[in-house]
Amino acid sequence: MMRENQWLTSMAESNGIAVIVVTVLTLILVRLLYVLNRCGKSLRPTTVKPLSTLIVLGSGGHTAEMINLLLELQKDRFMPRYYVAAATDNMSLQKARTFESSSSSEKGTPAQYMQIYRSREVGQSYLTSVGTTLIAIAHALWLMIKIRPEVILCNGPGTCIPLCAIAFMFKVLGIRWSSIFYVESIARVKRLSLSGLLLYKLGIADQLYVQWPQLQRKYPRSIYVGCLM
Amino acid sequence: MEIADDSKNSKRVVFVTVGTTLFDALVRAVDTQEVRQELYAKGYTHLLIQIGRGSYIPARSTSDNGSVAVEYFTFSSSIAESLRSASLVISHAGSGSIFETLRLRKPLIVVVNEDLMDNHQEELAEELAERKHLFCAHPRTLHQTIASMNLDSLLPYPAGDAKPVSKLINKFLGFPED
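Fair warning: this is a prediction, and the values are worked out from it, not measured in the lab.

Right, let's get into the overall build of chain A. Secondary structure summary: chain A contains seven helices and seven strands in total. Written out in order from the N terminus, the α and β elements of chain A read α-β-α-β-α-β-α-β-α-β-α-β-α-β. Principal-axis analysis of the C-alpha atoms gives chain A an extent of 80 × 40 × 35 Å. Across the 229 residues that make up chain A, the buried fraction comes to 45%. Across chain A, the fraction of contacts at a sequence separation of at least 24, relative to all contacts at a separation of at least 6, is 71%. Computed over 25 positive and 12 negative side-chain charges, the inter-centroid distance for chain A is 4 Å.

As structure tokens, then:
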């Protein structure tokens, strides 16, 4: 009898746990579907207050393209601005600083600069990049908890993948709603980059822009915007 | 194309750039007798090579009759100056170098690096070559490209515009249109 009782209690307990797990998973799934459905739809008709903006910079041509875009965006709408670049990339943040100091006439326009571990260096094999990606994700999580941006602008480097994935997770968990904009590099004419493809396929980017018409035809959910350079 | 006709000037510089890393195959290619002869035949007098971190060092030479003068450096903060002084640019396929050169309206030959793992750079060079903004070559075919190129066939590259993206982002976020 005693044994049977214990057995029944533990059965009830494990049943209870199972019910909780299933409920939580269902809730997450429902929320995930909601977020996926909500992504790509524009925000309320009139935004008045400025939005905190995370700008992910990449080496060389990527940064030049991003600066060209930033020159067009109204600074009083996208602030404070947080610039993130790979830890091995010293030039990009320098270019961002030059851009900030040259174009902001009013004082105190807040901008912050941060470095992040890179998930894959140019030329690194895809196999070893698994380990480095894990480190990059942990570091990215720490940065994202601190920043919690409302807008994310990125245009190519692999650095943006962990940041965008975390931003998406924040959306699912209800920590912070953000709009993710991805501009594929002008260097991509026929195929999306690995970063672009991931964000496109997983539906993480709210809007994915491409600079060549043939690329838009291949990826119908992307938006053709002409050349930025 | 609005290219300054400086053929009357005695000095016509060809500037070669490998960008921020290295591209020995390009430096080696421009250092060959064939390429230097083709350049000289086209009226160029000086060859200035930015070799980056590469290990192949070209032979410096002064201009004698019948050959171009060769000079090189590793890195410089004034790449823009070298570009501006050039009559012809031979560049790696990085988008930074390509668009900087096109903006200066300089005739450009882009040499594709075949040793890169994910060789998407070729896409951009080939697309721009198809649109007649530049010539596209490989290290082994560079001398043929120089021999057969007709600079008058090049079209100026129209300046890029980030306004469409900016508008779409603003609209998406619900900011009012100006």
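Having seen the model, we can carry on.
A separate point is the domain arrangement of chain A. Residue and element names in this part refer to chain A. Looking at the assigned domains, one finds that chain A contains domain 1 (1–38) and domain 2 (51–224). The C-alpha-based centres of domain 1 and domain 2 are spaced at 38 Å. Every contact between the two is made by six residues of domain 1 and, on the other side, seven residues of domain 2. Between domain 1 and domain 2 the total buried area reaches about 590 Å² when both faces are included, carbon and sulfur atoms providing 77% of it. For the domain 1 face of the interface with domain 2, the top three residues by lost area are Arg31, Val35 and Leu36, together amounting to 65%. Per-class residue counts for the side of domain 1 that touches domain 2 are four nonpolar, no polar and two charged.

In this section: the packing of helix H2 (residues 61–72) of chain A against helix H3 (residues 91–103) of chain A. All names here are of chain A. As a packed pair, H2 and H3 sit with axes 10 Å apart at the nearest point and diverge in direction by 20 degrees. Classified by the angle their axes make, H2 and H3 are roughly parallel. Pair H2 / H3 crosses with right-handed handedness. Here Thr63, Ile67, Leu70 and Leu71 of H2 lie close against H3, whose contacting residues are Ser92, Lys95, Ala96 and Phe99. Of the residues in the contact of H2 with H3, the class split is five nonpolar, two polar and one charged.

What follows concerns the UniProt feature "transmembrane region" (unreviewed entry) in chain A. UniProt records the feature "transmembrane region" (unreviewed entry) at residues 16–36, 126–145 and 165–183 of chain A, using the numbering of this structure. Counted over residues 165–183 of chain A, helix gives 47% and strand 26%. Its end C-alpha atoms are 16 Å apart.

All right, on to unusual backbone geometry then. Put simply, Met79 of chain A and Pro80 of chain A share a cis peptide bond, and its omega is -5 degrees. When you line up the elements, Pro80 of chain A lands in strand E2 (residues 78–86). For Arg105 of chain B, which is not glycine, the phi torsion reads 60 degrees and is therefore positive. Its place among the elements puts Arg105 of chain B in the loop between helix H4 (95–103) and strand E5 (108–111). Within the chain, Lys132 of chain B stands out as a residue other than glycine whose phi angle is a positive 65 degrees.

Once that is clear, we can look at helix H6 (residues 194–201) of chain A. Residue and element names in this part refer to chain A. Turning to H6, its buried residues number three or more, namely Ser195, Gly196, Leu199 and Tyr200. Buried residues of H6, viewed axially, fall in a sector of 125 degrees; they line one side. Exposed positions of H6 whose direction lies more than 90 degrees from the buried face are Leu194 and Lys201. Of the surrounding secondary structure, the elements contacted by the buried residues of H6 are helix H5 (160–173), strand E5 (179–183) and strand E6 (207–210). One or two steps after H6, the chain reaches Gly203, where phi turns positive at roughly 70 degrees.

Before going further, it helps to spend a moment on the interface of chain A and chain B. With 46 residues of chain A at the interface, the matching set in chain B holds 34 residues. Buried surface at the junction of chain A and chain B, summed over both partners, amounts to about 3,300 Å²; 63% is from carbon and sulfur atoms. If you sort the residues of chain A by the area they bury against chain B, Glu72, Arg77 and Met229 of chain A come out on top, with a joint share of 19%. Here chain A is connected to chain B by three salt bridges. With a shortest N-O distance of 3.7 Å, Glu126 of chain B and Lys190 of chain A are connected by a salt bridge. Scanning the region where chain A abuts chain B turns up 10 residue pairs in polar contact (both at pLDDT 80 or more). Looking at the side of chain A that touches chain B, the elements that each hand over two or more residues are H2, strand E4 (151–154), E5, E6 and helix H7 (213–218) of chain A. In terms of residue count, H2 of chain A provides more of the side of chain A that touches chain B than any other element does, five residues in total.

Moving on, we come to the sheet that holds strand E2 (residues 46–50) of chain B. Strands in a sheet are paired, the pairing made by backbone hydrogen bonds, and the direction either parallel or antiparallel. Residues and elements named next belong to chain B. The strand order across the open sheet built from six strands is E3-E2-E1-E4-E5-E6, with neighbouring strands paired in parallel fashion. Of all strands in the sheet, those bounded by a partner on one side alone are strand E3 (69–73) and strand E6 (135–137). Sheet twist, expressed as the mean angle between neighbouring strand axes with direction ignored, is 20 degrees. Taken together, the five bridges between E2 and E3 define a ladder with parallel strand orientation. Its bridge partner lying in E3, Ile49 is registered against Tyr72. Strands strand E1 (13–17), strand E4 (86–91) and E5 of the sheet are contacted by H4, whose axis makes an angle of about 175 degrees with E5.

Calculation rules
- Residues numbered from 1 in each chain as written.
- Chains lettered and ligands numbered in written order.
- Predicted model: local features only at pLDDT ≥ 70, side-chain atom pairs only at ≥ 80, totals over all residues.
- Heavy atoms only, no water.
- Helix = DSSP H or I, 4+ residues; strand = E, 2+ residues; numbered from the N terminus.
- Buried < 20%, exposed > 50% of the residue type's maximum accessible area, 1.4 Å probe, protein only.
- Contact = heavy atoms within 4.5 Å.
- Lys, Arg positive; Asp, Glu negative; His and termini not counted.
- Charge placed at Lys NZ, Arg CZ, Asp CG, Glu CD.
- Domains from an automatic or database assignment.
- Buried area = accessible area lost by both parts, 1.4 Å probe.
- Nonpolar A, V, L, I, M, F, W, Y, C, P; charged D, E, K, R; others polar.
- Axes fitted to C-alpha atoms, helices over the stretch in contact; angles between N-to-C directions.
- Parallel < 35°, antiparallel > 145°, perpendicular 65-115°, else oblique.
- Left-handed = near helix turned anticlockwise from the far one by under 90°.
- UniProt positions renumbered as here; feature names shortened; annotations may be inferred.
- Arc of directions from axis to C-beta.
- Salt bridge = Lys/Arg side-chain N within 4 Å of Asp/Glu carboxyl O.
- Polar contact = N/O pair within 3.5 Å; in protein donor to acceptor, adjacent residues only side chain to side chain.
- Pairing = 2+ DSSP bridges.

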